[in-house]
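# Understanding the architecture of this molecule
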Amino acid sequence: MHDPDHFVAKVPGIDYGILDDLLGYAVRRAQIRLYEDFIASLAPWGITPPRFSAMVIVSRNPGLKLTQLARIMGIARSGSVILVDALEDLGYVQRLPVPEDRRAFSLTLTPKGRTDLVAISAAVRAHDERMARMLTPDEKTALRALLTRMSETPA
């Protein structure tokens, strides 16, 4: 019996018509599957894909400002405020004043954020491996390259 709380990529007996031919539809269905497993895998930390991405970006780019994070992540500034607020509430990120700009704050991971990011990253790697287990190493490399090319090519 189907679990109603989990996504089913293809429901038996349903004619999907043109949807089966669309690349975007296939990518979206794979993304839903990846998202569900990611959320389950990272539940102990309360981490979502955007929160993980933000933590990694902040950890690798000292002094990053909120507006820069929004641009990097492709979200509105208001969305980055909500994202950083959530990470602050979890004790992972803190805002620091920028001496040369009294209106701006730079972002940094807290000691807890740095420590937990190690375990979170390991859980994300395990999730990624599990979700791509049916692909060969060459297929994974090719898929990443193709998706990257699609995301970087203007429409």
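A brief look at the structure comes next. All residue numbers here refer to positions counted from 1 along the written sequence of the relevant chain. Only residues with pLDDT of at least 70 are given local features in this predicted model, and only at 80 or more are side-chain atom pairs given and counted; all residues enter the totals for whole chains, interfaces and linings. As a rule here, side-chain values come from all non-hydrogen atoms in the structure, and water together with hydrogens is ignored.

### Quick notes on the overall build of the protein chain
- The helix and strand inventory of the protein chain stands at 6 helices and 2 strands.
- Across the protein chain, helices and strands are ordered from the amino to the carboxyl terminus as α-α-α-α-β-β-α-α.
- Principal-axis analysis of the C-alpha atoms gives the protein chain an extent of 60 × 35 × 30 Å.
- Categorising residues by exposure relies on relative accessible area from a 1.4 Å probe, with only protein chains included: less than 20% of the type maximum marks a residue as buried, more than 50% marks it as exposed, and the intermediate range marks it as partly exposed. A buried classification covers 25% of the 155 residues belonging to the protein chain.
- Contact definition: two residues touch when any of their heavy atoms are within 4.5 Å. Taking contacts inside the protein chain between residues at least 6 apart in sequence as the whole, the part at least 24 apart equals 47%.
- Carbon and sulfur atoms provide 60% of the accessible area of the protein chain, an area that totals close to 10,700 Å². A run of H or I in DSSP becomes a helix once it reaches four residues, and a run of E becomes a strand once it reaches two; helices and strands are each numbered from the N terminus. Note on areas: Shrake-Rupley, 1.4 Å probe, and residue coverage restricted to the protein chains presented here.

### Some remarks on the packing of aromatic side chains
- Two aromatic rings from Phe, Tyr or Trp, using only the six-membered ring of Trp, form a pair when their centres are within 6.5 Å; if the ring planes differ by under 30 degrees the pair is stacked, by over 60 it is edge-to-face, and anything between is tilted. Taken as a whole and assessed by the stated rule, the structure comprises 2 aromatic pairs.
- Measuring from centroid to centroid gives 6.4 Å for tyrosine 16 and tyrosine 25, while their planes differ by 45°, and the two rings are tilted.
- We classify tyrosine 16 as buried; its relative accessible area is 12%.
- We classify tyrosine 25 as partly exposed; its relative accessible area is 22%.

### Some points on the pairing of strand S2 (residues 101-109)
- Two strands form a pair only when DSSP identifies at least two bridges running between them. Pairing of strand S1 (residues 93-98) with S2, which is carried by 6 bridges, proceeds in the antiparallel orientation. When the sheet's bridge partners are listed, proline 97 is paired in S2 with phenylalanine 105.
- A loop of 2 residues connects S1 with S2, the two strands running antiparallel in sequence.

### Details of the nonpolar core
- Residues belong to one nonpolar core when they are buried, are Ala, Val, Leu, Ile, Met, Phe, Trp, Tyr or Cys, and are joined through side-chain atoms within 4.5 Å. Membership of the largest hydrophobic core comes to 21 residues, with the highest contact counts inside it found for Ile47, Met55 and Ile120.
- When residues of this core are traced back to their parent elements, those giving at least two are helix H1 (23-42), helix H2 (49-60), helix H3 (66-73), helix H4 (77-89), S2 and helix H5 (111-131).
- Discounting residues that sit within four places of it in the chain, methionine 55 has contacts with Ile47, Leu87, Tyr92, Leu109, Gly113, Leu117 and Ile120.

### Side note on the pattern of salt bridges
- Between Lys or Arg on one side and Asp or Glu on the other, a salt bridge is scored when a side-chain nitrogen of the former is within 4 Å of a carboxyl oxygen of the latter. In this structure the tally under the stated criterion is 6 salt bridges.
- Taking the shortest distance from any N to any O, the salt bridge between arginine 95 and aspartate 85 comes out at 3.0 Å. Of this pair, arginine 95 sits in strand S1 while aspartate 85 sits in helix H4, placing them 10 residues apart in sequence.
- Accessibility expressed as a relative area gives 23% for arginine 95, which makes it partly exposed.
- Bridged by salt links that share partners, the residues Asp85, Glu88 and Arg95 form one connected network.

### Digging into H2
- Given a helix with a known number of residues, its expected span is that number minus one, times 1.5 Å. Over its 12 residues, H2 runs 17 Å from end to end, which matches the ideal 16 Å to within 8%, given 1.5 Å per residue.
- For H2, the full list of buried residues reads Phe52, Ala54, Met55 and Val58. Mapping the buried residues of H2 onto a view down its axis gives an arc of 165°, with all of them on the same face.
- In this fold, the buried residues of H2 make contact with H1, H3, H4, S2 and H5. Starting at the helix axis, one direction is taken to each C-beta atom, and the arc is that of these directions.

### Some thoughts on the environment of arginine 114
- On the secondary structure map, arginine 114 appears in helix H5.
- Spatially, the C-alpha atoms of arginine 114 and threonine 67 are 22 Å apart, while their sequence positions differ by 47 residues.

### A word on H3
- Of the residues making up H3, those classed as buried are Leu66, Leu69 and Ala70. In a view along the axis of H3, the buried residues occupy a sector of 100°, so they form one face of it.
- Packing partners of the buried residues in H3 comprise H2, H4, S1 and S2.
- Glycine 74 lies just past H3 and shows a positive phi near 70°.

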